[in-house]
Each structure stands twice: as structure tokens, then as C-alpha cells.
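Examination of the molecular architecture
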Amino acid sequence: MPHNSEAVIELLPKPLREAVRERFGALTEPQVEAIPKILEGRNLLLMAPTGTGKTEAALIPILARVLTGGAVQGVKILYITPLRALNRDLLERIEWWANRVDLTAAVRHGDTVERERRVQALLPPNILITTPETLQILLTAKTLRQHLRSVEAVIVDEVHELASDKRGAQLSVGLERLERITGKPFQRVGLSATVGSPERVASFLA
């Protein structure tokens, strides 16, 4: 398995190779280690310091899998964060990558205005950024529930914030409900800057 930046970049489809070189030039060590594993379809808990590009370490290879997996319709990637205040910043960051590969991204939480909700129901984004609480609502919403049948991967950011409290239990149940909706297992990637008990968090995620 490759363990240097350029070799890992070469594993990606051309649009993503070009985007990585434009955005970063080279990959960080966590990205070099994580991307090949995620490309293989493995579930992963990625622990790395803040500022090392964990979001891209998960997003880039999952985008690659979506691009090479056939028709792209409906919500393919769920990005779950514990703090909705971070969602708008994440949207700008994720949209940059989505635009490079002709995919769409959007945020959905309690403050999403009705007009945006209608647009998402009619034209679901390929990447949906949301919170554990809003995911529970989406799982019962008739139209969006149908769009979630196409989910191929779920990224859980700041997973350590969720693993040990009621919100985490709620999310764990939500992911199992989502798997029943998709009718098949989807890839799960957790991101964290710090985890006191990696085994427990990995078990929660899976």
C-alpha cells in the first residue's frame, strides 16, 4: 500500500487529483494514511490533530468512490456534526470539493428556512451536512427519507463529543434506522482530534 503523498494522489480519479494539487499541493500524513483505507471501503476512526485536514481525509476518498460507483442521484454522503454553528463553515469547505466534481452540497438543521427545505426535497444534494437531531427528523420525513435510500457513506465529525452521551445514543439508533432505509451497509468514518477510548468510540461508530 502506498505511503507517500504523490502515490496516494495517483489513486484518485483525475478531477480529484487536480483538485488536491490545486488546494494542497501535497497531502498531510493523516490524509496519506487514511485515504487508501477509505478508498477500499473500510470503516475508519481517524484521530489526528486539529489542522491536519481530517475532513478532506474522509471526504476525498468517499467522493472518489461515489464518482466511480455509477449514477449519482439522491443523497450519497451524510456529514454529521454535533454543532450546527459549524455547519455553514463546513458547507463552504465541502462545496469547494463538490464543485470540482460536479456534485452538490447543502446544510439541513433546525434553522434551515422553508424555501431551502422545499428545494432539498425536490432536488436533494449529493452531500448533506446535518446534526444528529435533524437526522432523526429526516428519517421520518416522507420525501427526504426516500432520498436517503441512496446514502453510501456517513462521516461523523467530532465523534468523541457524541460517543458518551444521549445524543450519541440517539445517533447510533439513527444510523441503524438509516441502514434499514438504504437496505445495505454504508461506509462509516469518524473524525476526532482526541479520543480517550478509541475502542469504545469505534464500537459506537460501527
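So, a few notes on the structure that sits alongside this text. Each chain has its residues counted from 1, running along the sequence as written. Side-chain atom pairs in this predicted model are given and counted only at pLDDT of 80 or more, local residue features only at pLDDT of at least 70, and totals for whole chains, interfaces and linings cover all residues. To get the side-chain values, all heavy atoms of the structure are used, and hydrogens and water are removed first.

What about the packing of aromatic side chains?
For the record, the criterion: We call Phe, Tyr and Trp rings a pair once their centres come within 6.5 Å, taking the six-membered ring for Trp, and we label the pair stacked below 30 degrees between planes, edge-to-face above 60, and tilted otherwise. A helix here means a DSSP run of H or I that spans at least four residues, while a strand means a run of E at least two residues long, and both kinds are numbered starting from the N terminus. For each residue, the accessible area found with a 1.4 Å probe, counting protein chains only, is set against the maximum for its type, and the residue is called buried under 20%, exposed over 50%, and partly exposed in between.
If you walk through the whole model with that rule in mind, you get two aromatic pairs. Taking 5.7 Å as the distance between ring centres and 40° as the angle between the ring planes, the aromatic pair formed by F24 and W97 counts as tilted. Placement of the pair is F24 in the loop between α2 (14–23) and α3 (29–39) and W97 in helix α5 (residues 87–100), with a sequence separation of 73 residues. Judged by its relative accessible area of 32%, F24 falls in the partly exposed class. Residue W97 is classed as buried on the basis of its relative accessible area of 0%. Between the aromatic rings of W96 and W97, the centroid separation amounts to 4.9 Å while the plane-to-plane angle is 75°, which identifies the pairing as edge-to-face. The pair formed by W96 and W97 is uniform in burial state, with each residue classed as buried.

A look at the pattern of salt bridges
Counted only if it meets this: We define a salt bridge as a contact between a side-chain nitrogen of Lys or Arg and a carboxyl oxygen of Asp or Glu at a distance within 4 Å.
All told, the structure shown has nine salt bridges when counted by the stated rule. Its salt-bridge partner being R42, residue E40 comes within 3.5 Å of it at the nearest N-O pair. For R42, a relative accessible area of 40% translates into the label partly exposed. In this structure, the salt-bridge partner of R93 is E56, at a minimum N-O distance of 2.7 Å. One end of the pair, R93, is in helix α5; the other, E56, is in helix α4 (residues 54–67), with 37 residues separating them in the sequence. Sharing partners across several salt bridges, the network here consists of E6, E10 and R21.

Some details on the environment of A105
Quick note on the threshold: The contact criterion used throughout is that any non-hydrogen atoms of two residues lie within 4.5 Å.
Structurally, the position occupied by A105 is in strand β3 (residues 105–108). Expressed as a C-alpha distance, the spacing of A105 and V75, which sit 30 residues apart in the sequence, is 9.1 Å. Look past the residues within four positions of A105 in its chain and what remains in contact with it is L91, I94, E95, A98, P125 and I127.

A few points about the sheet that holds strand β6 (residues 187–192)
Here is the rule we go by: Pairing between strands requires that DSSP locate at least two bridges from one strand to the other. For helices, the axis comes from a line fit to the C-alpha atoms of the stretch in contact; other axes are also lines fit to C-alpha atoms, and the angle between any two N-to-C directions lies between 0 and 180 degrees.
Across the sheet, six strands lie side by side as β1-β6-β5-β2-β4-β3; this open sheet has parallel pairing. Whereas interior strands pair on both sides, the edge strands pair on one side only; in this sheet they are β1 (44–47) and β3. The sheet shows a mean angle of 20° between the axes of neighbouring strands, direction not considered. Here β3 runs beside strand β4 (residues 127–130); their pairing, made up of four bridges, is parallel. Among the inter-strand pairings, R108 is bridged to a residue of β4, identified as T130.

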